[in-house]
Amino acid sequence: MTKQKIAYIGTGAMGKQHIYKLLKDGYQVQVYDKYPEAAKTVIAAGAVWKDSPKEVAQGADLVITNLPLPHHVLENMLGETGAVEGMRPGATWMDFSTTDYHNTQHIAKEAAKKGLFSLESPVSNLSHMGVDFCNASFYVSGDREGYDLSKETLDAIGKISFFVSNTIGEAQTVKLLTNLLFYTAMVTAGEVYMICKVYGIPLLWMWDYIRASQGNSFVTEQVSPFIFDGSYDYSCSLEITVKDTDLTVKLADELNVPLPLGRIVEERYREAGQKYDAHDNHVKVTKLIEEDNNLDLRVPDFTASSPYGLDRSYVHSEERVTDSFGRIKPLPYQLEYTAPEPLKDENLMDIAQSLTDFMAYINYLILGEANQLGKNMGLTDELLVDVIRWSCGTSWVFDNIDAYQPHPEIVEKIKSLDFGSKVKLPVIKKFLAYLSI
């Protein structure tokens, strides 16, 4: 099969990695970005620059958009010099953005008038391992013929793809429900680390302890370092995460899903979006808890083992580990972690254990809310398992869902420890209030 000629619109952090992979695999790639500076490295690697979406789409078999917000996708596809005007009949448009599916449906309707195939294909990063190693998954819905024509290209970019539905909108649902798992773990981890800071539990010790516990997740494993070094993670902007949580709540309203914990999480991200610059790094949401308590969560002389941390020149090890599902991570990440030596203070050990049990329980509950979103959209149980596994990477509760025994009594235990007397914990306080009803 002849390789498709690719037009790629959006050369940000994720787009760059995709383009490098396509070029390495022998694809012809034309690129466009609103900011030409952002495309310099991919042009140096062999991509061909074009001056507008219309020009980049000319002669392409597959036009990919990978952009931050819904209106960016609309402008690049249907604007005055939009890509649809440059595409030939029989070509495919595939949107990698996480956007409002009503927007995607509108563009697809216009594209169909020109004989174009349209697909929504939101990308799951598997956090940083997805960005760096094309260890990503794609959830695709829309024109099946376009998917079949483009599957080889998708396989070149990432690890695995799933055709979700012929109906545009259902793939976005999958991405939003999996993002919900990330964002909930993110705000919970920030407040857990603040409890540890105030009570004198060393942060690196707690990180090791969480990673060896049922409370571990892709967030605690891979994103904690960006809190500790104060970089807040350069791989994604706060604007995108605020947009995603807003879309998730709107989707829940549309599908009649209560989403109680998810709404608390959305409220926290909205607060961060109102307080900080839209282009700040997305983990900046944890700065809220730092400012609430006038304490930072820095670890002296610590730098994340990632090019998205303080050391932007960091290069990942070529040595990698692969888990039983086929998900890839580079060293120093491990498949399993060994618990650190216990703290000498029994009270602090009790706090640490209680916090990891609480994190596991929250991961379990938000998984239930995410599943409900999927079920109300009509997704099968089998598909939900696949997409969550391939979106979230390591998550002890989900990877061991048959073995995990939820303990609702952990709510009363956390309340009895009365952390709120020493630490301001807006999110956990609201979680506890809801879970105590």
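Above this text is the structure in question.
All values derive from a computational prediction rather than experimental measurement.

(A) Examining the overall build of the protein more closely. A count of helices and strands for the protein gives 19 helices and 11 strands. Against the 2.2 N^0.38 benchmark of 22 Å for 437 residues, the protein shows a C-alpha radius of gyration of 22 Å, consistent with a compact globule. Along the three orthogonal principal directions, the C-alpha set of the protein runs to about 70 × 45 × 40 Å. Out of the 437 residues belonging to the protein, those deemed buried represent 58%. For the protein, the exposed area adds up to about 17700 Å²; of that, 50% sits on carbon and sulfur atoms. The distance from the centre of the 41 positive side-chain charges to the centre of the 59 negative ones in the protein is 3 Å.

(B) Examining helix H10 (residues 203-211) more closely. With respect to burial, H10 is a largely interior element, seven of its nine residues being buried. Of the residues making up H10, those classed as buried are Leu 203, Trp 205, Met 206, Trp 207, Tyr 209, Ile 210 and Arg 211. Looking at the buried residues of H10, the elements they touch are helix H9 (170-199), helix H11 (218-228) and helix H15 (346-377).

(C) Summary view of the packing of aromatic side chains. Summed over all chains, the structure comprises 17 aromatic pairs. Through successive ring pairs, a cluster of aromatic residues spans Phe 182, Tyr 183, Phe 218 and Tyr 269. A cation over a ring is seen here: Arg 312 above Tyr 234, with NZ or CZ 3.9 Å from the ring centre.

(D) Geometry of the environment of Leu 310. As for its placement among the helices and strands, Leu 310 is situated in the loop between helix H14 (287-293) and strand E10 (320-322). Take Leu 310: its relative accessible area is 47%, and that puts it in the partly exposed class. Along the backbone, Leu 310 and Asp 292 are 18 residues apart, and their C-alpha atoms lie at a distance of 24 Å.

(E) Fine view of the packing of helix H12 (residues 238-255) against H15. Interhelical geometry of H12 versus H15 gives an angle of 50° and a closest axis separation of 10 Å. As the angle between them shows, H12 and H15 are arranged oblique. For the element pair H12 and H15, the recorded crossing hand is left-handed. Side by side, H12 and H15 meet where Thr 248, Leu 251, Ala 252 and Leu 255 of the first sit next to Leu 373, Asn 376 and Met 377 of the second. Its residues assigned to classes, the contact of H12 with H15 shows five nonpolar, two polar and no charged.

(F) Layout of the pairing of strand E2 (residues 29-32). Burial along E2 is two-sided: the residues Val 29 and Val 31 and Gln 30 and Tyr 32 are all buried. Here strand E1 (residues 6-9) pairs with E2 via four bridges, running parallel. Within E2, the position partnered with Ala 7 by the bridge is Gln 30.

(G) Broad picture of the pattern of salt bridges. In the structure shown here, the tally under the stated rule is 26 salt bridges. We note a salt bridge from Asp 61 to Arg 88, for which the minimum N-O separation is 2.5 Å. Here Asp 61, found in the loop between helix H3 (53-57) and strand E4 (62-65), pairs with Arg 88, found in the loop between helix H5 (83-86) and strand E5 (92-95); they are 27 residues apart in sequence, far enough to count as distant. Since its relative accessible area comes to 21%, Asp 61 is described here as partly exposed.

(H) Representation of the nonpolar core in the model. The biggest cluster of nonpolar side chains holds 95 residues, and the ones touching the most others in it are Met 186, Tyr 193, Met 206, Leu 355 and Leu 373. When neighbours within four sequence positions are excluded, Tyr 193 is seen to be in contact with Leu 203, Met 206, Trp 207, Ile 210, Thr 220, Ser 224, Ile 227, Phe 228 and Leu 297. Among the nonpolar cores identified, the runner-up in size contains 26 residues, and Met 14, Leu 22, Val 140 and Leu 154 belong to it.

(I) Examining unusual backbone geometry more closely. Cis geometry is found at the peptide bond from Leu 331 to Pro 332, where omega equals 15°. Topologically, Pro 332 is positioned in the loop between strand E11 (328-330) and H15. Residue Asp 233 is not a glycine yet carries a positive backbone phi of 75°. One can find Asp 233 in the loop between H11 and H12. Residue class for Asp 233 comes out buried when judged on its relative accessible area of 0%. Even without being a glycine, Asp 418 presents a positive backbone phi close to 55°. Turning to its location among the elements, Asp 418 is positioned in the loop between helix H18 (410-417) and helix H19 (426-435).

(J) Looking closely at the side chain of Ser 97. Structurally, Ser 97 can be placed in the loop between E5 and helix H6 (101-112). At 2.9 Å, the side chain of Ser 97 forms a polar contact with the backbone nitrogen of Leu 67. Here Asp 95 takes part through its side chain, which lies 2.7 Å from a polar atom of the side chain of Ser 97.

(K) Just the packing of H10 against H11, in detail. Remark: H10 packs on H11, axes separated minimally by 10 Å, with the N-to-C direction vectors making an angle of 170°. Classified by the interaxial angle, the pair formed by H10 and H11 is roughly antiparallel. Across from Leu 203, Leu 204, Trp 207, Ile 210 and Arg 211 in H10, the residues of H11 making contact are Thr 220, Glu 221, Ser 224, Pro 225 and Phe 228. The class makeup of the residues in the contact of H10 with H11 is six nonpolar, two polar and two charged.

What counts, and where the lines are drawn
- Residues numbered from 1 in each chain as written.
- Predicted model: local features only at pLDDT ≥ 70, side-chain atom pairs only at ≥ 80, totals over all residues.
- Heavy atoms only, no water.
- Helix = DSSP H or I, 4+ residues; strand = E, 2+ residues; numbered from the N terminus.
- Rg over C-alpha atoms; globule rule 2.2 N^0.38 Å.
- Buried < 20%, exposed > 50% of the residue type's maximum accessible area, 1.4 Å probe, protein only.
- Areas by Shrake-Rupley, 256 points an atom, 1.4 Å probe, with all protein chains shown as cover.
- Lys, Arg positive; Asp, Glu negative; His and termini not counted.
- Charge placed at Lys NZ, Arg CZ, Asp CG, Glu CD.
- Contact = heavy atoms within 4.5 Å.
- Phe/Tyr/Trp six-rings, centres within 6.5 Å; stacked < 30°, edge-to-face > 60°.
- Lys NZ or Arg CZ within 6 Å of the ring centre and 35° of its normal.
- Axes fitted to C-alpha atoms, helices over the stretch in contact; angles between N-to-C directions.
- Parallel < 35°, antiparallel > 145°, perpendicular 65-115°, else oblique.
- Left-handed = near helix turned anticlockwise from the far one by under 90°.
- Nonpolar A, V, L, I, M, F, W, Y, C, P; charged D, E, K, R; others polar.
- Pairing = 2+ DSSP bridges.
- Salt bridge = Lys/Arg side-chain N within 4 Å of Asp/Glu carboxyl O.
- Core = buried A, V, L, I, M, F, W, Y, C linked by side-chain atoms within 4.5 Å.
- Polar contact = N/O pair within 3.5 Å; in protein donor to acceptor, adjacent residues only side chain to side chain.

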